[in-house]
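# Per-entry structural report
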Number of protein chains: 2
Amino acid sequence: MDALAQRTFNSGDSFIVDFGNHYTGYLAFHVGWSGKSSDAPVRLRLTFGEVPGDVAEPLYPYKGWLSASWLPDEIVNVDFLPQQVRVPRRHAFRFVKIDVIATSDNFSATFSDISVGAVSSAGVDRGRPARYDSPLWRDIDKVSIRTLHECMQTSFEDGPRRDRRLWVGDLRLQALTNYVSFGNHDLVRRCLYLFAGLQRDDGYITACVYEQPAPRIGEVVLIDYAVLYGSILLDYYRATKDKQTALELWPIAKRQIDLALKNVNEKGMFTAPEKDFVFIDWQESLDKQAAIQGVMIYSCRQLTALGDVLDLSSETDAYAAGIEKMIRAATRDLFDARQGVFISGKNRQVSWASQAWMALAGVLSQPLAAASLTKVMGMPAAVRPLTPYLYHHMVDALVASGARAEARRLVEDYWGRMVNAGADTFWEAFDPQNPSASPYGSKQINSYCHAWSCTPSYFIRTGFAKTKGDK
Amino acid sequence: MDALAQRTFNSGDSFIVDFGNHYTGYLAFHVGWSGKSSDAPVRLRLTFGEVPGDVAEPLYPYKGWLSASWLPDEIVNVDFLPQQVRVPRRHAFRFVKIDVIATSDNFSATFSDISVGAVSSAGVDRGRPARYDSPLWRDIDKVSIRTLHECMQTSFEDGPRRDRRLWVGDLRLQALTNYVSFGNHDLVRRCLYLFAGLQRDDGYITACVYEQPAPRIGEVVLIDYAVLYGSILLDYYRATKDKQTALELWPIAKRQIDLALKNVNEKGMFTAPEKDFVFIDWQESLDKQAAIQGVMIYSCRQLTALGDVLDLSSETDAYAAGIEKMIRAATRDLFDARQGVFISGKNRQVSWASQAWMALAGVLSQPLAAASLTKVMGMPAAVRPLTPYLYHHMVDALVASGARAEARRLVEDYWGRMVNAGADTFWEAFDPQNPSASPYGSKQINSYCHAWSCTPSYFIRTGFAKTKGDK
């Protein structure tokens, strides 16, 4: 910064500031001038980068599918120099490129006191292990925690750059990691109520909700997200023992399952809903039949477990038969006993997603589940995950199946690779085979600090062991 | 506005709002949305136009000589809709073009309650004539007064769009028009003190000073501007009878003359200074020798008149001989008796500027001065003015020479043509032969509300007669 303050910048000049870590907040800097006279405004373009490519490669032309309004650049005009500038919009960044679009011939611009007013509701990490197995594990934990920290604002956001929004799927993983780190239980509770307060007319919660300028319901129901609401509530109850909240929100959780079960036919098989969607992962080629079957079974079991601890077993007893029926359908129609893996869809697609959710659902015995998981990981033709969200469930499935070493190896291979690539925070999407992949047609619009990527800390801090209460 | 509020705008759409008059101030508007969901920010480009061409023709590519930072456009990002937007920078405009750069596929933007928080320190026009000679004269007066109104802020600005700055030459003409309209004497006084408080080391005041973020001296001395400081002070005293201020600022006024007289040689001829400049007009081809000779004589006479009313004649008696010497030099070396006009420079250039300032200086008798003025106006080869600043002095010279009808005709021909072209305020530069002319290489950077164009109201309201106290 001292060296920067000595430099002068004319129209067409630029520089990049590296803050050394990822921050979410408000950029501020001082613009001065040197030369004959500051006789005109100065016009700047600011480009905010979470990763070096954001500021080292051009943002334009932009061909992605998401709105160009998410691109992280700003035009700033400063009428009178010297001036302290505070960018009023929140940005998420480690790097800032400042392009001087125009001074006048009579002066150069100078820059000093560049700072970021960082914001987060995370607080102090109280769960940091005393020691790690290796520097890599230490770094993976650090990057996970930073990712979560940056996404904790007035709600659990999916990403502080984009969409800055509360999603069910992200919340579930963030909350798990929060319980072993910042322990901000109030924030989880707030988010549970935001969803509960904004149900669709039929009772479904939407996949996301908006907070600003006023709470507003999201546009889409993702059934796998909706049915996992009960799982979030169960985790919350286990972490807090806040029975009052759990009881108040119980009807919402139960309603999601009851609505989703309408898509399960008399044979116990989940069938594609008419208007709502299933997410599982951004991998386009993925057939989701088996995975959603697994999600349904898992979610029913989680709801039943929640009912048990809330002394509401009478309300959940009826689910047992349905769960058994769905398990039978899965083993009968979706398990390829010859290959030892679950298949999905009429093309009998083999994917990590299917094995992961079937394992979490407990459809097979632990050894068979572990075998299906290790098998699929060795199948080059199997459809792999694109997002850390699905990688999380793969690791969780390995843990649930007792394949602890494989779980650790997967975290090292996947998240460790991002760390080795220089990540300060974990990314929204990362395909080791194609690091420039984007779910949105352009890596310029990717989020490189994304909530659903933060769970390595959850696994590290729980010792890659099934957590208390898991079946 | 009601019809606008019913329309929806997607990426790539735009519209233009016409506020019906020129305003200086802060644009505000409400951005709403319609569609499935407002799931992304909206990015807008605002372009502010003083004249239709500003918003109807592209601002870019820009090839002018002044800084592109003056171009009147802004990029605005609105993160959460609906939102009330208030543009924090002051702009000068009648028209606003709003380009929607990006919404998302899920929503369209809507706009309503578009307003401008207009600012001016002018107050009420107390000098409006009860009747005008014609609708054209009424309109010329109206546009003049609007021009002045818009330029009256915390100082008399040259133009509210650009440079937004206090210049000696503009101030003098603004103050004259202010005395016959708004009568904001405090603002004149404030500006006189801003110059007085920011002299260059040698005692010269600079051609302009800056107010923001803190008062600061300008970079250039224009000798014709500096010597006219006393003329401004004399006008101020005549309007206010504020002797205390006049006495306090007297040394500054006298100092400008004394410094400038060092450029007058033993023959009484002004010679080009080494480091400082002479302005007179933006017309590039103009030779300024005769004009500055006239300015010097005029300014010495104004200072003497000021000394007289302040009972300081003892300090100005010494100027009489110098004035006579400069007049003799002018008549001997710069007056072409055969043609009946003043010539300037070694190429014996004939210009409006030379005749105007020599007439104001009283170098010739009134009839001869009037003859030189009417003569030059009929000479196609004579160098004409580019700016209303010099047109003002031409009109003033006609008035001073008793050629009242010609003065009126010139105002009608020049300012009337801008009115007929639809001007709401008078322009910085207007060449009837070349309406797209710019002193800066690009009309995109021209100011279309410019202080030095406001004096028709001064002439109209003083009846095109020499004002009290003029010699």
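Since the structure is predicted, the reported quantities are computational estimates derived from the model, not experimental observations. (Residues numbered from 1 in each chain as written. Chains lettered and ligands numbered in written order. Predicted model: local features only at pLDDT ≥ 70, side-chain atom pairs only at ≥ 80, totals over all residues. Heavy atoms only, no water.)

This part covers the overall build of chain A. The number of helices and strands found in chain A is 16 helices and 11 strands. At 24 Å, chain A has a C-alpha radius of gyration in line with the 23 Å of a compact globule built from 471 residues. Taking all 471 residues of chain A together, the buried fraction comes to 62%. Sequence separation of 24 or more characterises 77% of the internal contacts of chain A that already satisfy a separation of 6 or more. Computed over 52 positive and 53 negative side-chain charges, the inter-centroid distance for chain A is 4 Å. (Helix = DSSP H or I, 4+ residues; strand = E, 2+ residues; numbered from the N terminus. Rg over C-alpha atoms; globule rule 2.2 N^0.38 Å. Buried < 20%, exposed > 50% of the residue type's maximum accessible area, 1.4 Å probe, protein only. Contact = heavy atoms within 4.5 Å. Lys, Arg positive; Asp, Glu negative; His and termini not counted. Charge placed at Lys NZ, Arg CZ, Asp CG, Glu CD.)

What follows covers the sheet that holds strand β8 (residues 208–210) of chain B. Read from one edge to the other, the open sheet built from 3 strands follows the order β7-β8-β9 (chain B), with strand pairing classed as antiparallel. The strands lining the two open edges of the sheet, one partner per strand, are β7 (166–167) and β9 (216–217) of chain B. (Pairing = 2+ DSSP bridges.)

The next subject is the sheet that holds strand β7 (residues 166–167) of chain A. Adjacent strands of a sheet form backbone hydrogen bonds with each other and so pair up, either parallel or antiparallel. Residues and elements named next belong to chain A. The strand order β7-β8-β9 describes an open sheet built from 3 strands, whose pairing is antiparallel. Since the sheet does not close on itself, it has two edges, and those belong to β7 and β9 (216–217), each with one partner. Where strand β8 (residues 208–210) meets β9, 2 bridges bridge the pair, whose relative direction is antiparallel. Its bridge partner being in β9, Tyr210 is matched across the sheet by Arg216.

This brings us to the pairing of strand β3 (residues 73–78) of chain B. All names here are of chain B. A large share of β3 lies buried, amounting to 6 of its 6 residues. The alternating pattern of β3 places Asp73, Ile75 and Asn77 on one face and Glu74, Val76 and Val78 on the opposite face, and all of these are buried. Bridge analysis of strand β2 (residues 42–49) against β3 gives 6 bridges, and the strand direction is antiparallel. Its bridge partner lying in β3, Val42 is registered against Val78.

Take the UniProt feature "domain: Glycosyl hydrolase family 78 alpha-rhamnosidase N-terminal" (unreviewed entry) in chain A next. Here the UniProt-annotated "domain: Glycosyl hydrolase family 78 alpha-rhamnosidase N-terminal" (unreviewed entry) positions come out as residues 2–117 of chain A. Taken as a whole, residues 2–117 of chain A contains 9% helix and 54% strand, while its terminal C-alpha atoms sit 19 Å from one another. (UniProt positions renumbered as here; feature names shortened; annotations may be inferred.)

Residue and element names in this part refer to chain A. The end-to-end C-alpha separation of helix α7 (residues 229–240) is 16 Å, in line with the 16 Å expected for 12 residues at 1.5 Å each. On the buried face of α7, the contacting elements are α4 (168–179), α5 (185–196), α6 (223–227), α8 (243–261) and α9 (289–309). At the exit of α7 stands Lys241, carrying a positive phi of roughly 60 degrees. (Expected span 1.5 Å × (residues − 1).)

Before going further, it helps to examine the interface of chain B and chain A. Chain B puts 37 residues into the contact, and the matching count from chain A is 38 residues. Buried area between chain B and chain A, both sides added, is near 3,000 Å², and the carbon and sulfur share of it is 49%. Summed over the shared surface of chain B and chain A, the number is 6 salt bridges. Here Arg164 of chain A and Asp79 of chain B are joined by a salt bridge, their closest N and O atoms 3.7 Å apart. On inspection of chain B and its partner chain A, the count reaches 22 residue pairs in polar contact (both at pLDDT 80 or more). Residue assignment for the side of chain B that touches chain A shows that the elements contributing at least two residues are β2 and β3 of chain B. The element contributing the most residues to the side of chain B that touches chain A is β3 of chain B, with 4 residues. (Buried area = accessible area lost by both parts, 1.4 Å probe. Salt bridge = Lys/Arg side-chain N within 4 Å of Asp/Glu carboxyl O. Polar contact = N/O pair within 3.5 Å; in protein donor to acceptor, adjacent residues only side chain to side chain.)

One can find Arg89 of chain A in the loop between β4 (83–86) and β5 (91–102). Within the structure, the side chain of Arg89 of chain A is placed 2.9 Å from the side chain of Glu74 of chain A, a separation counted as a polar contact. Within the structure, the side chain of Arg89 of chain A is placed 2.6 Å from the side chain of Asp79 of chain B, a separation counted as a polar contact.

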